[in-house]
Amino acid sequence: MTATPNTPHGGELPSAHQPRPDGSFDATAVTFAAMGLFDSLDAQQRARVLLPHTDPGRTHWNFLPESGRHGLPLGELDRRQEVLAHRLIAESMSIPAYARVVQVMANEHVLRELNLPVFGHVAATLRDARGYFLTFFGQPQPDTTWGWRLVGHHLSLNISVVDGDVVSATPFLLGAEPARFGPFRILGEEEDTAFALLDSLTGAQRKQAVIHDKPPADFVTRTVERVGDVEYPAHHGVGRRDAMITDEDRKALAYFREHARGIRAGDLSPTVQRGYFQDLLARFVERARPGLVGFEMDRIAAAGGVDNLHFAWAGGTSLDAPHYFRIQGPVTLIEFDNAEDDGNHVHSVWRDPSNDFGADLLMRHHLEHDHTGSRADDAV
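Residues numbered from 1 in each chain as written. Predicted model: local features only at pLDDT ≥ 70, side-chain atom pairs only at ≥ 80, totals over all residues. Heavy atoms only, no water.

**Student:** Provide a residue-level description of the overall build of the protein chain, including the pertinent values.
**Tutor:** Per the secondary structure count, the protein chain includes 11 helices and 15 strands. Of all 380 residues assigned to the protein chain, the portion counted as buried reaches 51%. Relative to all contacts within the protein chain whose residues are 6 or more apart in sequence, the contacts with residues 24 or more apart total 66%. Roughly 17,500 Å² of accessible area belongs to the protein chain as shown, and the carbon and sulfur atoms make up 55% of that amount. (Helix = DSSP H or I, 4+ residues; strand = E, 2+ residues; numbered from the N terminus. Buried < 20%, exposed > 50% of the residue type's maximum accessible area, 1.4 Å probe, protein only. Contact = heavy atoms within 4.5 Å. Areas by Shrake-Rupley, 256 points an atom, 1.4 Å probe, with all protein chains shown as cover.)

Below, the structure written as structure tokens:
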């Protein structure tokens, strides 16, 4: 029998098509969910939702209300499209994380009513549970590089798929205003675990962990597109003046990439304290899809391991006092601040200083793959 042209010798697959030992279907599941949503959109909606993967706006992930956002608001989707949008959100993360996302958006209904005395009729449009903007960066297709973002008040989700294979989930931001109200305490588990860790520290350990007696008004690293070697917090929150800090405070709270502040996880007691720390870390890393958590933990291990992560605290040491904490390592940055509104307005973010928006994965992809247009298996 004559061999079919281009059939590899010996019936083996070309190296580029060999199964990967660490392969998964995480990227495929996210991509198919995105394709279902994209295909449901009409031409006008697609024009509004789609930008090139390399568009500079990809790294603009500000979570505060702003005018002129690019993208398609959830409020302009029909019922079927909105369900498909929620399927994409849910497929891109763990179900507990998805539940928090839904709560963050629903909390806008509560905030609208609370803001009526201050904003009047403007509150009806300023606080909108469907006023979250969806953008695709590159059309979702199998075996391609693309990403999607959903952004609005107290929410910034940024998912990247690289070469149809691996997924990055950072920056991943959730917030709540108020942090505690009625049945809502959206980020309470993260906060309670951090307090449990702080309260378990000895006097000497607490001196290491607490870096300042006043918290920043918001993230020390703000919402910069790439975390620099050194970052300082702003003097106050955007549009807010109720949590001001001085230049001396900014210096005391500063982030240094190469010199993490606080107490090292490896210096915690191996049972209770380490358990609290690992639980706290998991509250953030496990926002990713379950199949990606091992990938993220492998990256932490390769960058020095959990023992070399640091836990830092600033501000009050009780729930009703403004406070802040962070976990820092080479590929991990977690910030949690509850400083505004007298400690009842929370922001939290999980970032990867080397891989936000899939930057590290993209660089590795370009180094490991030929982008000249030729294909190695074509020459066989």
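After that view of the structure, there is still more to cover.
**Student:** Now, about the nonpolar core: what can you tell me, with residues and values included?
**Tutor:** Nonpolar side chains in soluble globular proteins tend to be buried together. By size, the foremost hydrophobic cluster in this structure holds 70 residues, and its most contacted members are Phe136, Trp148 and Phe311. Residue contributions to this core peak at 6 residues, all from helix H1 (residues 26–40). Ignoring sequence-local partners within four residues, the contact set of phenylalanine 311 consists of Ala194, Leu197, Ala209, Arg261, Gly262, Ile263, Phe277, Leu280, Phe325, Arg326 and Ile327. In this structure, Ile211, Val227, Leu253 and Ala312 belong to the second largest nonpolar core, which totals 10 residues. (Core = buried A, V, L, I, M, F, W, Y, C linked by side-chain atoms within 4.5 Å.)

**Student:** Just give me the short version of helix H6 (residues 188–200), but keep the residues and values in it.
**Tutor:** Relative to the 18 Å expected for 13 residues at 1.5 Å per residue, H6 spans 18 Å between its end C-alpha atoms, a close match to the ideal helical length. Considered for burial, the residues of H6 that qualify are Gly188, Glu190, Glu191, Thr193, Ala194, Phe195, Leu197 and Leu198. (Expected span 1.5 Å × (residues − 1).)

**Student:** Lay out the packing of H1 against helix H3 (residues 79–91) in plain terms, naming residues and giving numbers.
**Tutor:** Between H1 and H3, whose axes approach to 9 Å, the crossing angle comes to 165°. Between H1 and H3, the crossing angle belongs to the class labelled roughly antiparallel. In this structure, H1 crosses over H3, and the sense of that crossing is left-handed. Between H1 and H3, the residues in contact are Ala29, Val30, Ala33, Ala34, Gly36, Leu37 and Ser40 and Arg80, Gln81, Leu84, Ala85, Arg87, Leu88 and Glu91, respectively. (Axes fitted to C-alpha atoms, helices over the stretch in contact; angles between N-to-C directions. Parallel < 35°, antiparallel > 145°, perpendicular 65-115°, else oblique. Left-handed = near helix turned anticlockwise from the far one by under 90°.)

**Student:** Now, about the pairing of strand S12 (residues 310–315): what can you tell me, with residues and values included?
**Tutor:** Among the 6 residues in S12, 6 count as buried, and that is most of the element. Note: strand S8 (residues 210–212) against S12, 2 bridges, orientation parallel. The partner of histidine 212 across the bridge, within S12, is alanine 314. Here strand S11 (residues 263–264) pairs with S12 via 2 bridges, running antiparallel. Residue pairing across strands places arginine 264 opposite histidine 310, the latter belonging to S12. (Pairing = 2+ DSSP bridges.)

**Student:** A description of the pairing of strand S15 (residues 346–351) should follow, citing residues and the corresponding values.
**Tutor:** Strand residues, when the strand is regular, have side chains that alternate between the two faces of the sheet. Of all 6 residues in S15, 6 are buried; the element is thus mostly enclosed. Every second residue of S15 is oriented toward a common face, with Val346, Ser348 and Trp350 on one face and His347, Val349 and Arg351 on the other, all of them buried. Of the strand pairs in this sheet, strand S7 (residues 172–176) and S15 are connected by 5 bridges, and their pairing is antiparallel. Considered in S15, the bridge of glycine 175 is made with histidine 347. Note that strand S14 (residues 332–338) and S15 share 6 bridges and pair antiparallel.

**Student:** Just give me the short version of the environment of isoleucine 186, but keep the residues and values in it.
**Tutor:** Mapped onto the elements, isoleucine 186 comes out in the loop between S7 and H6. For the pair isoleucine 186 and valine 102, spaced 84 residues apart in sequence, the C-alpha separation works out to 9.9 Å. Isoleucine 186 has contacts with Arg100, Gln103, Val104, Asn107, Ala176 and Ala179, leaving out every residue within four places of it along the chain.

**Student:** How would you explain the side chain of glutamate 191 if you had to name every residue and give the values?
**Tutor:** Looking at the element boundaries, glutamate 191 is found in helix H6. Excluding residues within four positions of it along the chain, glutamate 191 makes contact with Arg185, Leu319, His323, Phe336 and Asn338.

**Student:** Quick rundown of helix H4 (residues 95–119)? Include the residues and the values.
**Tutor:** Along an α-helix, residues three or four positions apart point the same way, because every turn accommodates 3.6 residues. Here H4 is 25 residues long and its end C-alpha atoms lie 34 Å apart, about the 36 Å a rise of 1.5 Å per residue gives. In the structure, H4 departs most strongly from a straight axis at glutamate 113, where the bend amounts to approximately 35° and where the proline proline 117 lies between one and four residues downstream. Buried within H4 are the following residues: Ala97, Tyr98, Arg100, Val101, Val104, Met105, Asn107, Glu108, Leu111 and Asn115. Residues of H4 that are buried sit in contact with H3, helix H5 (123–126), strand S5 (155–162), S7 and H6. Positive backbone phi, at 60°, marks glycine 120, one or two positions downstream of H4. (Bend = angle between axes of the 7 residues up to and from the residue.)

**Student:** For the packing of aromatic side chains, give the residues involved together with the corresponding values.
**Tutor:** Scanning the model with the defined rule gives 9 aromatic pairs in all. Ring geometry for phenylalanine 311 versus tryptophan 313: centroids 6.3 Å apart, planes at 50°, classification tilted. Here phenylalanine 311 falls in the buried class, since its relative accessible area comes to 1%. Summarising the aromatic geometry, the rings of tryptophan 313 and phenylalanine 325 are spaced 6.1 Å apart at their centres and angled 15° between planes, so their arrangement reads as stacked. Of this pair, tryptophan 313 sits in strand S12 while phenylalanine 325 sits in strand S13 (residues 323–329), placing them 12 residues apart in sequence. Summarising the burial analysis for this pair, tryptophan 313 and phenylalanine 325 share the class buried. Put simply, the rings of Phe195, Phe284, Phe311, Trp313, Phe325 and Phe336 touch in pairs and so form one group of aromatic residues. (Phe/Tyr/Trp six-rings, centres within 6.5 Å; stacked < 30°, edge-to-face > 60°.)

**Student:** With reference to specific residues and values, describe the pattern of salt bridges.
**Tutor:** Under the counting rule described, the total for this entry stands at 29 salt bridges. Arginine 283 is the partner of glutamate 189 in a salt bridge, and the nearest nitrogen-oxygen pair spans 2.9 Å. Of this pair, glutamate 189 sits in helix H6 while arginine 283 sits in helix H9 (residues 272–285), and the two are 94 residues apart along the sequence. Classification of arginine 283 by relative accessible area gives partly exposed; the value is 27%. Close ionic contact of arginine 283 with aspartate 279 constitutes a salt bridge, the shortest N to O distance being 3.5 Å. Of this pair, arginine 283 and aspartate 279 are both found in helix H9, 4 residues apart, which corresponds to roughly one turn of the helix. One connected set of salt bridges, linked through shared partners, spans Arg100, Glu189, Glu190, Asp279, Arg283 and Arg287. (Salt bridge = Lys/Arg side-chain N within 4 Å of Asp/Glu carboxyl O.)

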